[in-house]
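One letter stands for each residue in the lines below.
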Amino acid sequence: MTRHDGGMERTFAALPPAHGQGFASTWWGQAWLKALEGTALDSTQLKTGRRLARAGAVGAVSVRPGRLTAVVQDPDGSAHRADVLLEELSPGQWDHFLDMTAERAGHVAALLDREMPPHLVEDAADAGVELLPGLGDLEPECDCEAWDHCGHTAALCYQVARLLDQDPFVLMLMRGRDETALLEDLQARSGASAASSSGPAGVDAAEAYAAGDILPPLPDLPGLPGEPGLPPSLDTETPPAPGIDPAALAFLAARTAVEAHRLLAEALRGTAHEELTVAQDAVRLAAGDPGREMSDRLADGSGRGREGLATAVRAWRHGGTAALSVLDEEWRVEGETLARARAALESAWDAAERPELRPRGNRWTVAGAPVQLRLGRDGRWWPYRKERGRWLPAAGPTQDPATALASVAGPPSAELTSAEGNSL
């Protein structure tokens, strides 16, 4: 709901929180956010702005020519006045825009339907009028005295993107014309154009049909956030339903955010996504330090037991699913793979320094020492150390067996001796 305060100003009541929703679904709303996100120098302030806007911390938004204003409340309760400035169009630019729009009935109809078709913006640009802001056009002012976009001005911009989705006349008002005056001027120009024209009314059918296929350009791929997002808080006054463990649910939400960040990174790199099995996913969750109670549940559910899961977590931290395969799988090395493995072992040391290695499957154990090399199916060597009767992964993989063995040739490191106690 809006309130018209007289003159060229509109005030929009504070919008409800937008948990789990995007800020812009229209292409012009997304273009508005691109102008913000492509200009702000500090991505941390953008994240803060998104959190504030999602939480409903932006108060009523005042829109008038050249300026947006709202009071934004920080989580600590302090309030800040945030303003965002956008240059108004000149009288000459408005004349060009109105003349161009009045000549095309489809443009007027789209505006009346609260739409902003791409060809309207393109035609306006051809007439020398840039309706949507570009990079650097959204100028911030805030009483927190930040010199660039702060969390408060970013939150205001994110909130205004939601308003623009609903009504593109918000942008027109910022550029200098309110809805009533703009439509009256368009009507007057359209009437004058019709009166002076001897041709048929309406638009060319071929032109109208062709315009229906004009689609906005696809947005650029999103940048990878610097860190995983924060799941919504479960701290409410509503008691949990029977059988629901809030702590376990909060942990799963946090680990899901971490996994989503990893999947996005792989997608942006063009890396093939590898689906995890249930057993592998249990190890992934356990590697997130879930606490004793949830660790016990994961140990039981994975079928590994506490010690087995602790070993699997150590392997996961050294190399993910590939490390788990080397931990769990013993396979027979044959043919060309065996020839390459023997050549690598032969060339890794001088004859006088070469350790005595006893092979079994893909595992070569050093005679008289509690250390072992394991060959992965990708040709990399993984070092293992025997502690309390169990073979434990000691480090990440290398292409050189001598380097892998050197990483565990000395006494157990602090990481090796304490990892089991810290993992679960």
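In case you missed it, the structure is sitting above this.
Residues numbered from 1 in each chain as written. Predicted model: local features only at pLDDT ≥ 70, side-chain atom pairs only at ≥ 80, totals over all residues. Heavy atoms only, no water.

Undergrad: Sorry if this is basic, but what is going on with the overall build of the protein here?
TA: On a plain count of helices and strands, the protein comes out with 16 helices and eleven strands. The buried share of the protein, reckoned over its 424 residues, is 39%. For the protein, long-range pairs separated by at least 24 residues make up 64% of all intrachain contacts whose partners lie at least 6 apart in sequence. Entry remark: accessible area of the protein is about 22,800 Å², with carbon and sulfur atoms responsible for 53%. (Helix = DSSP H or I, 4+ residues; strand = E, 2+ residues; numbered from the N terminus. Buried < 20%, exposed > 50% of the residue type's maximum accessible area, 1.4 Å probe, protein only. Contact = heavy atoms within 4.5 Å. Areas by Shrake-Rupley, 256 points an atom, 1.4 Å probe, with all protein chains shown as cover.)

Undergrad: Mind showing me how you'd approach the nonpolar core here?
TA: One broad trend across soluble globular proteins is that nonpolar side chains are buried collectively. Trp32, Phe97, Leu131 and Met172 are the most contacted members of the largest nonpolar core, which totals 56 residues. Examining the composition of this core, we find that nine residues originate from one element, helix α6 (residues 151-166), more than from any other. Listed in part, the 21 residues of the second largest apolar core include Ala287, Ala312, Val313 and Trp382. (Core = buried A, V, L, I, M, F, W, Y, C linked by side-chain atoms within 4.5 Å.)

Undergrad: Would you mind showing me how to read the packing of aromatic side chains here?
TA: Each aromatic ring pair is characterised by the separation of its centres together with the angle its planes make. Within the structure shown, the criterion is met by four aromatic pairs. Taking 5.8 Å as the distance between ring centres and 80 degrees as the angle between the ring planes, the aromatic pair formed by Trp94 and Phe97 counts as edge-to-face. Of the two residues, Trp94 and Phe97 are both situated in helix α3 (residues 91-102); the distance of three residues between them amounts to about one turn of the helix. This pair shows no difference in class: Trp94 is buried, exactly as Phe97 is. Both rings, one in Trp364 and one in Trp381, keep their centres 5.3 Å apart while their planes meet at 65 degrees; by these two values the pair is edge-to-face. Taken together, the residues Trp364 in strand β8 (residues 363-366) and Trp381 in strand β10 (residues 381-387) connect sequence positions 17 residues apart. Over the ring of Tyr384 we find Arg374; its NZ or CZ atom is 3.9 Å from the centre of that ring. Its end group placed over the ring of Trp331, Arg377 keeps NZ or CZ at 4.4 Å from the ring centre. (Phe/Tyr/Trp six-rings, centres within 6.5 Å; stacked < 30°, edge-to-face > 60°. Lys NZ or Arg CZ within 6 Å of the ring centre and 35° of its normal.)

Undergrad: Please explain α3 as it appears in this structure.
TA: An α-helical turn contains 3.6 residues, so a residue and the one three or four places further along point in the same direction. With twelve residues, α3 should reach 16 Å at 1.5 Å per residue; the first-to-last C-alpha distance of 16 Å fits that figure. Within the span of α3, buried status applies to Trp94, Phe97, Leu98, Met100, Thr101 and Ala102. (Expected span 1.5 Å × (residues − 1).)

Undergrad: Could you clarify how one ought to interpret the side chain of Arg363 in this entry?
TA: With respect to the helices and strands, the residue Arg363 is situated in strand β8. Among all residues touching Arg363, those that are not within four sequence positions of it are Val326, Leu327, Asp328, Glu329, Glu330, Arg358, Gln372, Leu373 and Arg374.

Undergrad: Can you help me understand the environment of Gly134 in this one?
TA: Counting through the fold element by element, Gly134 comes out in the loop between α5 (118-126) and β6 (139-142). Residue class for Gly134 comes out partly exposed when judged on its relative accessible area of 27%.

Undergrad: Which parts of the structure should I look at to understand the pattern of salt bridges?
TA: Under the counting rule described, the total for this entry stands at 22 salt bridges. Put simply, Glu179 and Arg114 hold a salt bridge, and the shortest N to O gap is 2.8 Å. Separated by 65 residues along the polypeptide, Glu179 in helix α8 (residues 179-196) and Arg114 in the loop between α4 (105-112) and α5 bring together distant segments of the chain. Exposure remark for Glu179: the relative accessible area of 22% places this residue in the partly exposed category. For Arg114, a relative accessible area of 27% corresponds to the partly exposed category. (Salt bridge = Lys/Arg side-chain N within 4 Å of Asp/Glu carboxyl O.)

Undergrad: Looking at this structure, how should I read a negative patch on the surface?
TA: A surface patch of negative charge is lined by Glu87, Glu88, Glu130 and Asp137. With respect to the secondary-structure elements, Glu88 resides in the loop between β5 (79-85) and α3. (Patch = residues over 30% accessible without salt bridge, like charges linked within 9 Å, V, L, I, M, F, W, Y side chains within 5 Å. Lys, Arg positive; Asp, Glu negative; His and termini not counted. Charge placed at Lys NZ, Arg CZ, Asp CG, Glu CD.)

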